[in-house]
Amino acid sequence: MTKPPLTLYLAAPRGFCAGVDRAIKIVELALDRWGTPVYVRHEIVHNKFVVDGLRAKGAIFVEELSECPDDRPVIFSAHGVPKSVPTAAQARNLVYVDATCPLVSKVHIEAQRHADNGLQMIMIGHAGHPETVGTMGQLPEGEVLLVETPEDVATVEVRDPAKLAYVTQTTLSVDDTADVVAALQQRFPLIVGPHKEDICYATTNRQEAVKAMAPKCDAMLVVGAPNSSNSRRLVEVGARAGCQYAQLVQRATDIDWRALDGISSIGITAGASAPEVLINEVIAAFDAHYDVTREMVETAVENVEFKVPRVLREPA
């Protein structure tokens, strides 16, 4: 029986970003340096396959520092942590390594700088997301106000409209964030924005590739975890850019083949915490079902690399 033809568009860039790559490397190098177990506060990155792989190598994942013993190293996740966490680690003389993405750390520094200049912060982000919790936790309670939508901007109560600045979560939708920023600037004309966009290069690049790919596709799959903010944004961007069917899948076994019946083209991309092995697994599944012609949709070339902390670069 002949397989139906299918054009498979592959987004580039896709998958791992420099911050995720660095965070995973930090856990692996910590295991090499200190042996097992190494504790990790929160999922190092939002991907079950990655977390399970590191767990198999000897990493123990916990939600709070109180779950870590005094005599083993602990690593803070790529999403960043409130200031209270390293303070508590120091009080217990814990060996700890901060795997916060440098682009998230940049937002933390920015928030602190604005606060030092007497400005109250407004953060555009998702309530409860670890990155938002970490950024808001850089400053005392009440110094960072959270907004998610333009509607939130209309009701936010500030101390002084003339002394405000805003920062954003790094993994948001570029377009949605622009709407919230516009609402902030309209209500608070004196609000100070970041020198450079807070949404990270990897989030922006993956969204641009999806925008270029979506109009060509009958359907689009984003390989990523349900708790991955940047992966979920890619699904939304794909649907908004004209793709009739855009879905998130963790791996090939999640593909709903009945929903894809009759398609002649599909786009595939992946969130910044999804490893290439899972993307290849999804592509192989389409190769098994269809006579596939592949086309790359490349909108940017990434060559960013972040160094791991010095403690892991020095000989033990």
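Residues numbered from 1 in each chain as written. Predicted model: local features only at pLDDT ≥ 70, side-chain atom pairs only at ≥ 80, totals over all residues. Heavy atoms only, no water.

## Let's talk about the sheet that holds strand E8 (residues 164–168)
Reading across the sheet, the three strands line up as E7-E6-E8 and stay open at both edges, with parallel pairing between neighbours. A strand with exactly one partner marks an edge of an open sheet, and here the two such strands are strand E7 (144–147) and E8. Sheet twist, expressed as the average angle between the axes of neighbouring strands with direction ignored, equals 30°. As defined by bridge partners, strand E6 (residues 120–124) adjoins E8 across five bridges and the pair is classed as parallel. (Pairing = 2+ DSSP bridges. Helix = DSSP H or I, 4+ residues; strand = E, 2+ residues; numbered from the N terminus. Axes fitted to C-alpha atoms, helices over the stretch in contact; angles between N-to-C directions.)

## Here we look at the state of the cysteines
Two cysteines, two sulfur atoms, one covalent bond between them: this is a disulfide. In total, this model carries zero disulfides according to the counting rule given. Summary of cysteine pairing: cysteine 217 is not part of a disulfide, and the nearest cysteine sulfur, belonging to cysteine 243, is at 5.4 Å. (Disulfide = S-S within 2.5 Å.)

## Structural notes on the sheet that holds strand E2 (residues 38–41)
The parallel open sheet is built from four strands, whose spatial order is E3-E2-E4-E5. Bordering the open sheet on either side are strand E3 (59–62) and strand E5 (96–98), each of which pairs with just one other strand. Neighbour-to-neighbour, the strand axes of the sheet open up by a mean angle of 25°, direction not taken into account. The pairing of E2 with E3 spans four bridges and is parallel. Bridging across to E3, tyrosine 39 finds its partner in isoleucine 60.

## As for the pattern of salt bridges
Working definition: two side chains of opposite charge can pair if their charged atoms are close together. Scanning the entire structure with this criterion turns up 17 salt bridges. Between aspartate 21 and lysine 25 there is a salt bridge whose closest N-O contact spans 3.8 Å. In this pair, aspartate 21 and lysine 25 are both assigned in helix H1 (residues 18–34), four residues apart and thus about one turn of the helix distant. With a relative accessible area of 33%, lysine 25 lands in the partly exposed category. With its nearest N and O atoms 2.9 Å apart, the salt bridge here joins arginine 294 to aspartate 287. Through salt bridges with shared partners, a single ionic network connects Lys48, Asp52 and Arg55. (Salt bridge = Lys/Arg side-chain N within 4 Å of Asp/Glu carboxyl O. Buried < 20%, exposed > 50% of the residue type's maximum accessible area, 1.4 Å probe, protein only.)

## Remarks on the layout of surface pockets
Approximately 260 Å³ is the volume found for the largest pocket. Lining the largest pocket are Arg22, Val81, Pro82, Lys83, Pro86, Asp98, Thr100, Pro102, Ser105, His108, Ile109 and Gln138. By residue number, the principal contributor to the lining of the largest pocket is helix H4 (residues 102–116), which donates four residues. Space inside the second largest pocket adds up to approximately 210 Å³. If you go around the second largest pocket, you meet 18 residues; those closest to its centre are Phe16, Cys17, Ala18, Glu302 and Val304. Contributing elements (two or more residues each) for the lining of the second largest pocket: H1 and helix H8 (201–213). Residues that form the lining of the second largest pocket fall into these classes: nine nonpolar, one polar and eight charged. (1 Å grid on protein atoms, 1.4 Å probe; cavity = no way out; pocket = protein on both sides within 12 Å on 5 of 7 lines; lining within 4 Å. Points joined across faces, edges and corners; volume = space filled by probe spheres on them. Nonpolar A, V, L, I, M, F, W, Y, C, P; charged D, E, K, R; others polar.)

## Observations concerning the packing of H1 against helix H2 (residues 48–57)
Running from N to C, H1 and H2 point in directions that differ by 5°, and their axes come no closer than 11 Å. Here H1 is positioned roughly parallel relative to H2, judged by the angle of their axes. Along the contact surface, H1 presents Ile24, Val27, Glu28 and Leu31, while H2 presents Val50, Leu54 and Lys57. A class-by-class count of the residues in the contact of H1 with H2 yields five nonpolar, no polar and two charged. (Parallel < 35°, antiparallel > 145°, perpendicular 65-115°, else oblique. Contact = heavy atoms within 4.5 Å.)

## Digging into the packing of aromatic side chains
Aromatic ring pairs are reported here in terms of the distance separating the ring centres and the angle at which the planes meet. Across all of its chains, the model carries three aromatic pairs by this definition. Both rings, one in phenylalanine 76 and one in tyrosine 96, keep their centres 5.1 Å apart while their planes meet at 25°; by these two values the pair is stacked. You can see phenylalanine 76 sitting in strand E4 (residues 74–76) and its partner tyrosine 96 sitting in strand E5, a full 20 residues away along the chain. Among the residues examined, phenylalanine 76 registers a relative accessible area of 1% and is labelled buried. With relative accessibility at 28%, the residue tyrosine 96 sits in the partly exposed group. Connected via pairs of aromatic rings, a cluster forms that spans Trp257, Phe286 and Tyr290. (Phe/Tyr/Trp six-rings, centres within 6.5 Å; stacked < 30°, edge-to-face > 60°.)

## Section: empty space enclosed by the protein
Evaluated as defined, the whole model comprises one cavity of 30 Å³ or more. Approximately 270 Å³ is the volume found for the largest cavity. The wall of the largest cavity is formed by 22 residues, among which Cys17, Val20, His79, Thr171 and Asn230 lie closest to the centre. Secondary-structure elements contributing two or more residues to the lining of the largest cavity are H1, H4, H8 and helix H9 (229–240). Here the residues of the lining of the largest cavity are counted per class, giving 10 nonpolar, 11 polar and one charged.

## Description of helix H3 (residues 84–91)
Along an α-helix, residues three or four positions apart point the same way, because every turn accommodates 3.6 residues. Buried within H3 are the following residues: Val85, Pro86 and Ala89. Angular distribution of buried residues about the axis of H3 spans 95°; they occupy a single face of the element. On its buried face, H3 sits against E2, E4 and E5. Looking one or two residues beyond H3, the residue adopting positive phi is asparagine 93, at roughly 55°. (Arc of directions from axis to C-beta.)

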